[in-house]
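# Structural features, examined
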Amino acid sequence: MTFISPRRHRPRLLNALLAAGAMMTATATMPGAGHAATAASSSFTPAQRQEIVDILRNALKTDPTILSDAIAALRNSANAAQQNAARNALDSHRTDLLTPAATDAILGNATGHTTVVEFYDPRCPYCRKVLPDLDRLVKEDKDLRIVEKVIPVLGQSSLIASQALVAAFVQGGQAAYFRMQAAIMNDSVTPTADRMRTLATQSGLNAGMLASDMNGAKVTSILQANMELARAIGLDGTPTFVFNARQIIPGAVSYDDLKKAIAQSR
């Protein structure tokens, strides 16, 4: 654990009080925290507790950097905890991330040794923006496969578009999926069941079958599995990329950053 060194001009008593407060705060996050915090609090008399409060209040007035240092320490601790949780999640779901499901659409080399999993919402503007970069990457890197997992996180319109994408895959496999994806991701009309039928027809698919499959058990099961895996790795936005089950990058990512992450994951 990294601690922020006290500034030289702070009184020793104040530093001791800050250290005690930090220890009590840390203790409060552990199992049995309620008992520990109560015990620590009861070790001071009311007069001593008031004196501590007065000292801290005066210290913050004379040296506001105490508060900024405390906030920085909390942020560092939170970031470290988040990184550890992400690593543990990737380790726990390594097989799921490196072994595409039969119902996953794959961009690039299906047998490539470098696997990037993209969790995306078809209504997400950043997901749409990154599509050309993904196409460029798989054209340049013949050992790369990008596994696409559709997740509807932006409301009812996203759900309809996601159901249509998966239904296209169920109907006609990879080729049908990518034709429907191009139609949906380039469409400016709000998704509805009727709009999906129109786009399906324009994409050379059976619109009636697609409409029926959209609410079927298979499509529902695929989307549910995608959402469960997304939650398991702590996904909090789209797009989110996972590189060889070793690194997670959330949000809008540039072509150069994607390429760098791919190289680092190998």
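As a starting point, this report considers the structure included with it.

Rules used in this analysis
- Residues numbered from 1 in each chain as written.
- Predicted model: local features only at pLDDT ≥ 70, side-chain atom pairs only at ≥ 80, totals over all residues.
- Heavy atoms only, no water.
- Phe/Tyr/Trp six-rings, centres within 6.5 Å; stacked < 30°, edge-to-face > 60°.
- Lys NZ or Arg CZ within 6 Å of the ring centre and 35° of its normal.
- Axes fitted to C-alpha atoms, helices over the stretch in contact; angles between N-to-C directions.
- Helix = DSSP H or I, 4+ residues; strand = E, 2+ residues; numbered from the N terminus.
- Parallel < 35°, antiparallel > 145°, perpendicular 65-115°, else oblique.
- Left-handed = near helix turned anticlockwise from the far one by under 90°.
- Contact = heavy atoms within 4.5 Å.
- Nonpolar A, V, L, I, M, F, W, Y, C, P; charged D, E, K, R; others polar.
- Salt bridge = Lys/Arg side-chain N within 4 Å of Asp/Glu carboxyl O.
- Buried < 20%, exposed > 50% of the residue type's maximum accessible area, 1.4 Å probe, protein only.
- Patch = residues over 30% accessible without salt bridge, like charges linked within 9 Å, V, L, I, M, F, W, Y side chains within 5 Å.
- Areas by Shrake-Rupley, 256 points an atom, 1.4 Å probe, with all protein chains shown as cover.
- Bend = angle between axes of the 7 residues up to and from the residue.

### Concerning the packing of aromatic side chains
As enumerated under the stated definition, the model contains 3 aromatic pairs in all. Aromatic pair phenylalanine 241 and phenylalanine 243: ring centres 6.4 Å apart, planes at 35°, arrangement tilted. By the ring-pair criterion, three or more aromatic residues cluster together here, those being Phe169, Tyr177 and Phe178. One cation-aromatic arrangement involves arginine 136 over tyrosine 255; the distance from NZ or CZ to the ring centre is 3.7 Å.

### Looking at the packing of helix H6 (residues 125-140) against helix H7 (residues 156-185)
The contact between H6 and H7 brings their axes to 11 Å, and the two run at 125°. The angle between H6 and H7 places the two elements in the oblique class. Crossing of H6 against H7: the hand is left-handed. Counted together, Cys127, Arg128 and Leu131 of H6 and Gln181, Ile184 and Met185 of H7 form the full contact between these two elements. In terms of residue class, the contact of H6 with H7 is built from 4 nonpolar, 1 polar and 1 charged.

### Notes on the pattern of salt bridges
Enumeration over the complete set of coordinates arrives at 5 salt bridges. Residue lysine 259 pairs with glutamate 140 through a salt bridge whose shortest N-O separation is 3.8 Å. With lysine 259 in helix H11 (residues 255-265) and glutamate 140 in helix H6, this residue pair connects regions lying 119 residues apart in the sequence. Look at glutamate 140 and you get partly exposed, because its relative accessible area is 43%. Aspartate 141 is the partner of arginine 266 in a salt bridge, and the nearest nitrogen-oxygen pair spans 2.6 Å.

### Considering the environment of isoleucine 106
Along the polypeptide, isoleucine 106 turns up in strand S1 (residues 105-108). Looking at isoleucine 106, the relative accessible area reads 15%, which means it is buried. Setting aside its immediate chain neighbours within four residues, isoleucine 106 contacts Pro100, Arg145, Ile146, Val147, Gln174 and Phe178.

### Describing a nonpolar patch on the surface
Taken together, the side chains of Leu60, Leu67 and Ile71 define a hydrophobic patch exposed on the protein surface, amounting to about 240 Å² of accessible area. Examined against the element boundaries, isoleucine 71 turns out to sit in helix H4 (residues 65-92). Given a relative accessible area of 36%, isoleucine 71 falls into the partly exposed group.

### Describing unusual backbone geometry
In this structure, the amide linkage connecting threonine 238 to the following residue, proline 239, adopts the cis form with an omega of -5°. For proline 239, the position within the fold is in the loop between helix H10 (217-232) and strand S4 (240-243). The phi dihedral of asparagine 244 is positive, around 50°, even though this residue is not glycine. The exposure class assigned to asparagine 244 is buried, which follows from its relative accessible area of 7%. Not every positive phi belongs to a glycine, and alanine 245 is a case in point at roughly 55°.

### Concerning H6
At leucine 131, H6 is deflected by roughly 35°, the largest bend along its length, and proline proline 132 occurs up to four residues later in sequence. Residues Cys127, Val130, Leu131, Leu134, Leu137 and Val138 constitute the buried set of H6. Structurally, H6 contributes buried residues whose contacts are with S1, strand S2 (114-120), strand S3 (144-150), H7, S4 and H11.

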